Amino acid sequence: MTAIQIVEAKTKADKKRFVEVQFTFNRDDPAWVPPLKMDALELLTPGKNPWFEHGHGSLFIATRDGKDVGRISAHIDHLWLDMPPEQGGGRDIGNWGLMEAADETVARALIAHAEDWLRAEGMARAVGPMSISIWDEPGLLVEGHGQSPTVMMGHHNPRYEAWIEGAGYHGIKDLFTYDVDITKPFPPLIQRIVTSGERNTRITVRKVDKKKFAAETALILSILNDAWSDNWGFLPITDAEIAYVGKKLKPIVFEDLIRIAEVDGEPVAFMMTWPDLNEMQKDLNGKLLPFGVVKLLWRLNGGFSGKPRVSTVRVPLMGVKRKLQATRLASQLAFMMIEYIRAASVEHFGATRAEIGWILENNQGMVSIADAIHAKKSRIYRIYSKTL
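Rules behind the numbers
Residues numbered from 1 in each chain as written. Predicted model: local features only at pLDDT ≥ 70, side-chain atom pairs only at ≥ 80, totals over all residues. Heavy atoms only, no water. Axes fitted to C-alpha atoms, helices over the stretch in contact; angles between N-to-C directions. Helix = DSSP H or I, 4+ residues; strand = E, 2+ residues; numbered from the N terminus. Parallel < 35°, antiparallel > 145°, perpendicular 65-115°, else oblique. Contact = heavy atoms within 4.5 Å. Nonpolar A, V, L, I, M, F, W, Y, C, P; charged D, E, K, R; others polar. Polar contact = N/O pair within 3.5 Å; in protein donor to acceptor, adjacent residues only side chain to side chain. Buried < 20%, exposed > 50% of the residue type's maximum accessible area, 1.4 Å probe, protein only. Arc of directions from axis to C-beta. 1 Å grid on protein atoms, 1.4 Å probe; cavity = no way out; pocket = protein on both sides within 12 Å on 5 of 7 lines; lining within 4 Å. Points joined across faces, edges and corners; volume = space filled by probe spheres on them.

Caption draft 1: Region of the structure containing the packing of helix α6 (residues 188-199) against helix α11 (residues 328-349). The contact between α6 and α11 brings their axes to 9 Å, and the two run at 100°. Accordingly, the angle class assigned to the pair α6 and α11 is roughly perpendicular. Together, Ile190, Ile193, Val194, Ser196, Gly197 and Glu198 of α6 and Gln332, Phe335, Met336, Glu339 and Tyr340 of α11 make up the contact between the two elements. Residues belonging to the contact of α6 with α11 are distributed by class as follows: 6 nonpolar, 3 polar and 2 charged.

Here's what the structure looks like:
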């Protein structure tokens, strides 16, 4: 067997090859959902992905015996460098991610190469995997490999855990997802809390207005930036990223699945839910042409109904402004939004299951909410660190 060669992917053709590596190593995994190749390529492209306005990095492909046998990214998010140390940041922290490897030897070579790149950039610690931002697909899947991931959640070979730890990495933070059966009413206590909130004239829980999409997106993300600002790993979402994410996700934005809670007329909380796009695109094999785009649009529109029929919805984001956190009112607003979206998901989209996450392991508020509605932990993603 010849030695492993690692080359940098610089050109558009190289990046397409980088994307193709993921398909090569995952196509036989029945739980894997192929991403749309155009989206995967856009993620890696400066000028298209606004992450590159505050980050830079390199992509590497490993070859052996004339075949591509792995890939990895090495990158530095300048916002991460400015993050307070108590939230996981520091001036000497770089990241790697997007790893795929045929075997442990390849994985070790790729990780070592990413570490060398980070050292050359002046970094003293690696935190990963980050693919590529913490707002994209952070962490390595270490529990829950048997089920397909929902939209914008990662899926990884179960062997990677031992390979990464064998390279000297230790887990520093776990991210949880929770499953909940939404066909059943929530426990009586939750129903009483919701009913009490409905009698409170100070509280309004409204749907988003898609006709004011840009303004509603900016409002939600302003609440998010306030609500999550003390969380471990929090990076503020830039204006360019708000516009980018809004445009990208607009096809799966439905007014009755996104709620904004107001108190005395002030927007103070939100809950965002998406129908699981992965259900609709799993059989497209990453391609929109020639017929994939027609299939996807038909499914997104639920045929002629205007709403897709899915078994699963995902709650990627919830937030309550800091001034209300740890109050009974915050919990009440959360349960009201959860109940309204639960009912809409079942009635209008045919959903039977919701996935909540990811949730930081030490986010006691969200863990308590998941427990209160009898949600069950379904997947764990782990973020690792190593001193270089």
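Caption draft 2: Examining the environment of histidine 156 more closely. As for its placement among the helices and strands, histidine 156 is situated in the loop between β8 (140-143) and α5 (160-166). In this structure histidine 156 touches Gly139, Leu140, Leu141, His145 and Tyr381, once residues within four positions along its chain are discounted. One polar contact links the side chain of histidine 156 to the main-chain amide nitrogen of leucine 141, over a distance of 2.9 Å.

Caption draft 3: Molecular detail of helix α10 (residues 292-300). Considered for burial, the residues of α10 that qualify are Gly292, Leu296 and Leu300. An end-on view of α10 places all buried positions within 60° of arc, on one side of the element. Those residues of α10 hidden inside the fold are in contact with α9 (277-281). Once α10 ends, the next one or two residues include glycine 302, with phi positive near 60°.

Caption draft 4: Seen up close, the layout of surface pockets. Put simply, the largest pocket is a space of about 1,200 Å³. Every residue lining the largest pocket is counted, 48 residues in all, and those nearest its centre are Pro35, Leu36, Asp39, Ala40 and Lys248. Elements with a minimum of two residues in the lining of the largest pocket: α1 (12-26), α2 (37-43), β4 (93-101), α5, α8 (239-249), α9 and α10. Class assignment for the residues of the lining of the largest pocket results in 32 nonpolar, 8 polar and 8 charged. Of the pockets and cavities examined, the second largest pocket occupies roughly 670 Å³. Gln325, Asn363, Gly365, Met366 and Ile369 are the residues nearest the centre of the second largest pocket, which is lined by 33 residues in total. Of all the elements in the fold, those that place two or more residues in the lining of the second largest pocket are β13 (312-320), α11, β14 (353-360) and α12 (364-372). Partitioning the lining of the second largest pocket into residue classes produces 20 nonpolar, 11 polar and 2 charged.

Caption draft 5: Looking closely at empty space enclosed by the protein. Applying the stated criterion across every chain yields a total of 4 cavities of 30 Å³ or more. In this structure, the largest cavity occupies an estimated 640 Å³ of space. Forming the boundary of the largest cavity are 36 residues, of which Met152, Val245, Leu249, Trp274 and Leu317 lie nearest the centre. Of all the elements in the fold, those that place two or more residues in the lining of the largest cavity are α7 (213-227), α8, β12 (266-275) and β13. Broken down by element, the residue count for the lining of the largest cavity peaks at 7 residues, all from α8. Broken down by class, the residue content of the lining of the largest cavity amounts to 25 nonpolar, 4 polar and 7 charged. Here the second largest cavity defines a volume of roughly 80 Å³. Ile182, Met271, Val315, Ile338 and Ala354 are, among the 13 residues lining the second largest cavity, the residues nearest its centre. When residues of the lining of the second largest cavity are traced back to their parent elements, those giving at least two are β13, α11 and β14. Top element by residues in the lining of the second largest cavity is α11. It accounts for 4 residues.

Taken by themselves, the reported measurements are silent on function.
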